[in-house]
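Inside the fold
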Amino acid sequence: MNQDSFDFTYSALPSRVLFGNGRLSSLPHEAAQLGSRALVLATPYQADLANQVAELLGDLCVGVHAKAVQHVPYSTIEEAMGMVTAISADLLIAAGGGSTIGLAKGIALETNLPILAIPTTYAGSEMTHIWGISRDGRKTTGRNPVVKPKTVIYDPELIISLPPTLSITSGINAMAHAVEALYAENANPISSMMAEESIRSLAAGLPLVAQAPNNLDARSSTLYGAWLAATVLDQVGMALHHKLCHTLGGSFGMPHAETHTVILPYATAYNHSQAPQAMTAISRALSCDVADVPNAIQTISRNNGGPVSLKELGFRAEDLDKAADIATQNPYYNPRPVLRDDIRELLKNAYHGHPC
Ligand code: NAD
């Protein structure tokens, strides 16, 4: 964006968002606006939540399918599609994190069915028209308006059960969307305003969540920050940080939120000199000096039980060269040129968890 001349394009797809403690109680009314035969989706781990949602829906629910798994294998879409057809479902209700919402998106791609999402992590898939499906060990992603949930119910009470360390990594995964939105090629004043507020809300709430996972005010602040982060993820492009995380996740099987948590301070440090307006906005949000932005991000993880190095996540030092090679093929837009040796250095620092 040219911020001096206010020359930008703003593009946002509609969605209806309900936010607040106890807002799950609005589900029957909201679902009835979208369909009359709902299929509830969840992971096996969240089968109890799926059953709670089904009970709340009463006659509007015609099935529960608690079989979502990570990375949305195509076989899980096929299996769920069998159920959709058998029960003539006309609405998908996704209760859970990115994996469950991802399964709903995979079904919607095939059927055009509307989705109502009830997110229980900070990952943010509920606000985007981005889908991801794994087939033959490869994850393909794309954008299609049909997969964007029509209605999203954010109820902070549902995220209390997310364990503290998972909350930190999931929250920093959300923060990564906001950080990269601030230096996106197609950033605009609205997305930048939301991104800065997102970082502020997440940074204020995450340490409190780590101390007391059932602190509802902190859960509200962090979930609000995650909503803003997901909203900007849907609107603007991502850069180096996401390229690195996709490389580490896709080619080396590294865990999603944890890898985002380790990489974000280093990606921010890499881009620091070339994205001064973004760094100033982040420093305002984190109440730190501009020069200290990467370290301030890392401190949130370090001080609250999160990971700070790729080594502790099980990455192997002998894979650093290969990771640098893959990450610098077909690079995304990035404010600083993405050079192979510089990326190798970044990854080495992240491997060791060196100060950044
Ligand atoms: P996840 O959905 O895989 O959930 C991780 C585990 O935590 C699961 O077992 C789940 O059942 C459990 N869980 C979820 N909420 C819980 C809660 N409140 N209490 C207790 N346990 C809970 O993980 P995620 O981080 O939410 O999602 C990651 C996936 O989402 C990745 O595959 C990523 O690519 C995708 N994603 C997609 C988009 C998009 O726009 N398409 C955006 C962000 C993430």
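This one's a predicted model, so the numbers in the text were calculated from it and none came from an experiment. (Residues numbered from 1 in each chain as written. Predicted model: local features only at pLDDT ≥ 70, side-chain atom pairs only at ≥ 80, totals over all residues. Heavy atoms only, no water.)

Looking down a regular strand, the side chains alternate between one sheet face and the other. When strand β2 (residues 38-41) meets strand β3 (residues 61-65), the two strands line up parallel, connected through four bridges. Residue Leu41 lies in a different strand from β3, and its bridge partner there is His65. As a crossover connection, the stretch from β2 through helix α2 (residues 47-57) into β3 is right-handed. (Pairing = 2+ DSSP bridges. Helix = DSSP H or I, 4+ residues; strand = E, 2+ residues; numbered from the N terminus. Right-handed = clockwise from strand over helix to strand, strands pointing away.)

What follows deals with the pairing of strand β5 (residues 115-119). Taken across its five residues, β5 has five buried, putting it largely inside the fold. Burial along β5 is two-sided: the residues Ile115, Ala117 and Pro119 and Leu116 and Ile118 are all buried. Taken together, strand β4 (residues 91-96), helix α4 (residues 98-111) and β5 form a β-α-β motif whose crossover is right-handed. Here β5 runs beside strand β8 (residues 151-154); their pairing, made up of two bridges, is parallel. For Ala117, the partnering residue across the bridge sits in β8 and is Val152. (Buried < 20%, exposed > 50% of the residue type's maximum accessible area, 1.4 Å probe, protein only.)

Right, let's get into the side chain of Ser198. Among the structural elements, Ser198 can be located in helix α6 (residues 189-211). Here Ser198 is in contact with Ala178, Gly225, Leu228 and Ala229, once residues within four sequence places are set aside. (Contact = heavy atoms within 4.5 Å.)

Together, Phe6, Phe8, Tyr10, Ile190 and Met193 give the surface a local cluster of nonpolar side chains, amounting to about 520 Å² of exposed area. Position of Phe8 relative to the elements: it lies in the segment before β1 (16-19). When its relative accessible area of 37% is taken as the criterion, Phe8 is described as partly exposed. (Patch = residues over 30% accessible without salt bridge, like charges linked within 9 Å, V, L, I, M, F, W, Y side chains within 5 Å. Areas by Shrake-Rupley, 256 points an atom, 1.4 Å probe, with all protein chains shown as cover. Salt bridge = Lys/Arg side-chain N within 4 Å of Asp/Glu carboxyl O.)

Function cannot be inferred from these measures alone, as they are strictly geometric.
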